[in-house]
Amino acid sequence: MPSLEIDHERCTECRMCYIVCREIDINAVYVALEPLHRIEIDLQKCTYPGCTACLMYCPAEGSIVEVESGRSMVPPPPEAWQEA
Amino acid sequence: MPDLPGKALARELIEKSRSESRATPVEEVIQAICGDGLDDGAAHRLIGRLWTLERMFYYIYGGWGQGLEINDFPPSIKYLFSKQIVDESTHEMLYLDALLRKGFAATQKDAFRHPSGCFVMDSALAYYVFSLRNLATYPHPIRIAALNLGPKVLELAWMEGLTKAIADPDLKGVFESQFVENRSHINMGRRIVEEFVTKPVEAELCRWACAVAKRDYGRFLGELSAFVLGHEAPAPPAPRRQVTD
């Protein structure tokens, strides 16, 4: 099953992924317990590819990466989540 | 390089706060943890109440931010303030993560509703929050002196004591990882006071605001300790009242 991680080189630490993940009660995105307090994804809780909410809200293209392929994920096209 | 005008004042405020820093009501909690450890119920009450306070900093800093105008201070001062807002948000997230990770709350919504995590108007926490928010109408260096050279110094000291006492590595990490940012807030406050508090009247205002903030923070810490140690039940939330049509 593919999973996601944060590319800290690209991530702007805006925390939109954290906020959306909390809002939908998946709670996979968390703040690391180290002085830099970087955002990480808990692979045990993340339901990707079932959920792609963080990708939709992430404004920094390519900062969320598929672990297995190393492919930088780009946000889905707007029509994927905009209401008709 | 000549001495900055507020250097003596900054040192005075920090030293005074340091001298009071290990005499707060949290010492009772630290003693209790050293004796019997921290059970899940007490940990939930502690983290929940600290989370509630951190959430309220969005409200406090929102008010303070409205008091900043274009060209009133150099951009560096505004950068430091925005950094402090982000740090406070980080700490809020750390506490919420801990509540969820420890299983004290199943969802964010549950954490908001729980007596440990809900904001109660008639509380020492609210009193402290409104006290800080009230500083919105004062010049930025004065309110930064009040918070960063007052309650922040006390907070860093009790947090270091608490971290030493807590055995659970997860909870320890929640507090320990905040040290760098908390120290930097104190240093930011020192720098701002050193550079921008130049007149005797401003220095007096800093002393007054710092004392008031510490008094109200002490009241909050007293309520927190009693709550964590189970000495008093949390006040029930005020009934909701429809105030508009």
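In this report, the structure presented in the accompanying data block is examined. This one's a predicted model, so the numbers in the text were calculated from it and none came from an experiment.

## Some thoughts on the overall build of chain A
Next up, step 1: For chain A, the count of helices and strands is two helices and five strands.
Next up, step 2: Counting only residues that meet the buried cut, chain A has 27% of its 84 residues in that class.
Next up, step 3: Long-range pairs, those at least 24 residues apart, make up 58% of the contacts in chain A with a sequence separation of at least 6.

## Here's the deal with the overall build of chain B
Next up, step 1: Along the backbone of chain B there are 11 helices and zero strands.
Next up, step 2: The N-to-C order of helical and strand elements in chain B reads α-α-α-α-α-α-α-α-α-α-α.
Next up, step 3: Computed over its C-alpha atoms, the radius of gyration of chain B comes to 18 Å, within 12% of the 18 Å expected for a compact globule of 245 residues.
Next up, step 4: Counting only C-alpha atoms, chain B reaches 55 × 55 × 25 Å along its principal axes.
Next up, step 5: Burial status across chain B gives 42% buried among its 245 residues.
Next up, step 6: A fraction of 89% describes how many contacts in chain B between residues 6 or more apart in sequence connect residues 24 or more apart.

## Structural notes on the interface of chain B and chain A
Next up, step 1: Across the contact, 11 residues belong to chain B and 10 residues belong to chain A.
Next up, step 2: Looking at the side of chain B that touches chain A, the elements with two or more residues in it are α4 (75-101) and α9 (169-176) of chain B.
Next up, step 3: Residue contributions to the side of chain B that touches chain A peak at five residues, all from α4(B).

## Some remarks on the packing of helix α6 (residues 124-133) of chain B against helix α11 (residues 200-228) of chain B
All names here are of chain B.
Next up, step 1: For the pair α6 and α11, the least separation of the axes is 8 Å and the interaxial angle reads 160 degrees. Regarding the angle of α6 to α11, the classification is roughly antiparallel. The two elements α6 and α11 cross, and the hand of that crossing is left-handed. Touching A124, L125, Y127, Y128, S131 and L132 of α6 are V212, A213, D216, Y217, R219, F220, G222 and E223, all from α11.
Next up, step 2: Partitioning the contact of α6 with α11 into residue classes produces nine nonpolar, two polar and three charged.

## Thoughts on helix α2 (residues 26-36) of chain B
All names here are of chain B.
Next up, step 1: For α2, the complete set of buried residues consists of V26, V29, I30 and I33. Buried residues of α2 fall within an arc of 100 degrees about the axis and therefore sit on the same side. Away from its buried face by more than 90 degrees, α2 exposes G35 and D36.
Next up, step 2: On its buried side, α2 packs onto α8 (151-165) and α11.

## Some words on unusual backbone geometry
Residues and elements named next belong to chain A.
Next up, step 1: The omega torsion across Y48 and P49 is 10 degrees, close enough to zero to call that bond cis.
Next up, step 2: For D25, which is not glycine, the phi torsion reads 60 degrees and is therefore positive.
Next up, step 3: With respect to the helices and strands, D25 occurs in the loop between α1 (16-23) and β2 (29-31).
Next up, step 4: A positive phi is found at N27, a non-glycine position, where the angle reads about 60 degrees.

## Overview of α8(B)
Residues spaced three or four apart along an α-helix face the same direction, because each turn holds 3.6 residues.
Next up, step 1: Under the 1.5 Å per step criterion, the end-to-end length of α8(B) is 21 Å for 15 residues, consistent within 8% with the ideal 21 Å.
Next up, step 2: By the burial criterion, the buried members of α8(B) are B:P151, B:K152, B:V153, B:L154, B:E155, B:L156, B:A157, B:W158, B:G161 and B:L162.

## What to know about the sheet that holds strand β5 (residues 72-73) of chain A
Residue and element names in this part refer to chain A.
Next up, step 1: Taken together, three strands build an open sheet; the order of strands is β1-β4-β5 and the sheet is antiparallel. For this open sheet the edge positions go to β1 (4-6) and β5, each flanked by a neighbour on one side alone.
Next up, step 2: Pairing analysis gives three bridges linking β1 to strand β4 (residues 64-66), with the strands arranged antiparallel. Residue pairing in the sheet places I6 in a bridge with I64 of β4.

## Some points on the environment of A:V29
Residues and elements named next belong to chain A.
Next up, step 1: Here V29 lies in strand β2.
Next up, step 2: C-alpha separation for the pair V29 and M16, spaced 13 residues apart in sequence, amounts to 10.0 Å.
Next up, step 3: Among residues more than four places away in sequence, those in contact with V29 are C17, Y18, C21, I39, I41 and C54.

## So, the environment of B:L13
Residues and elements named next belong to chain B.
Next up, step 1: Here L13 lies in helix α1 (residues 7-20).
Next up, step 2: Spatially, the C-alpha atom of L13 lies 45 Å from that of Q242, the residues being 229 residues apart in sequence.
Next up, step 3: Sequence-distant contacts of L13, that is, excluding residues within four places in its chain, are made with A145, L149, C206 and C210.

So, how was this worked out
Residues numbered from 1 in each chain as written. Chains lettered and ligands numbered in written order. Predicted model: local features only at pLDDT ≥ 70, side-chain atom pairs only at ≥ 80, totals over all residues. Helix = DSSP H or I, 4+ residues; strand = E, 2+ residues; numbered from the N terminus. Buried ≥ 20, exposed ≤ 12 C-beta atoms within 10 Å, placed from the backbone. Contact = placed C-beta atoms within 7 Å. Rg over C-alpha atoms; globule rule 2.2 N^0.38 Å. Axes fitted to C-alpha atoms, helices over the stretch in contact; angles between N-to-C directions. Parallel < 35°, antiparallel > 145°, perpendicular 65-115°, else oblique. Left-handed = near helix turned anticlockwise from the far one by under 90°. Nonpolar A, V, L, I, M, F, W, Y, C, P; charged D, E, K, R; others polar. Arc of directions from axis to C-beta. Expected span 1.5 Å × (residues − 1). Pairing = 2+ DSSP bridges.

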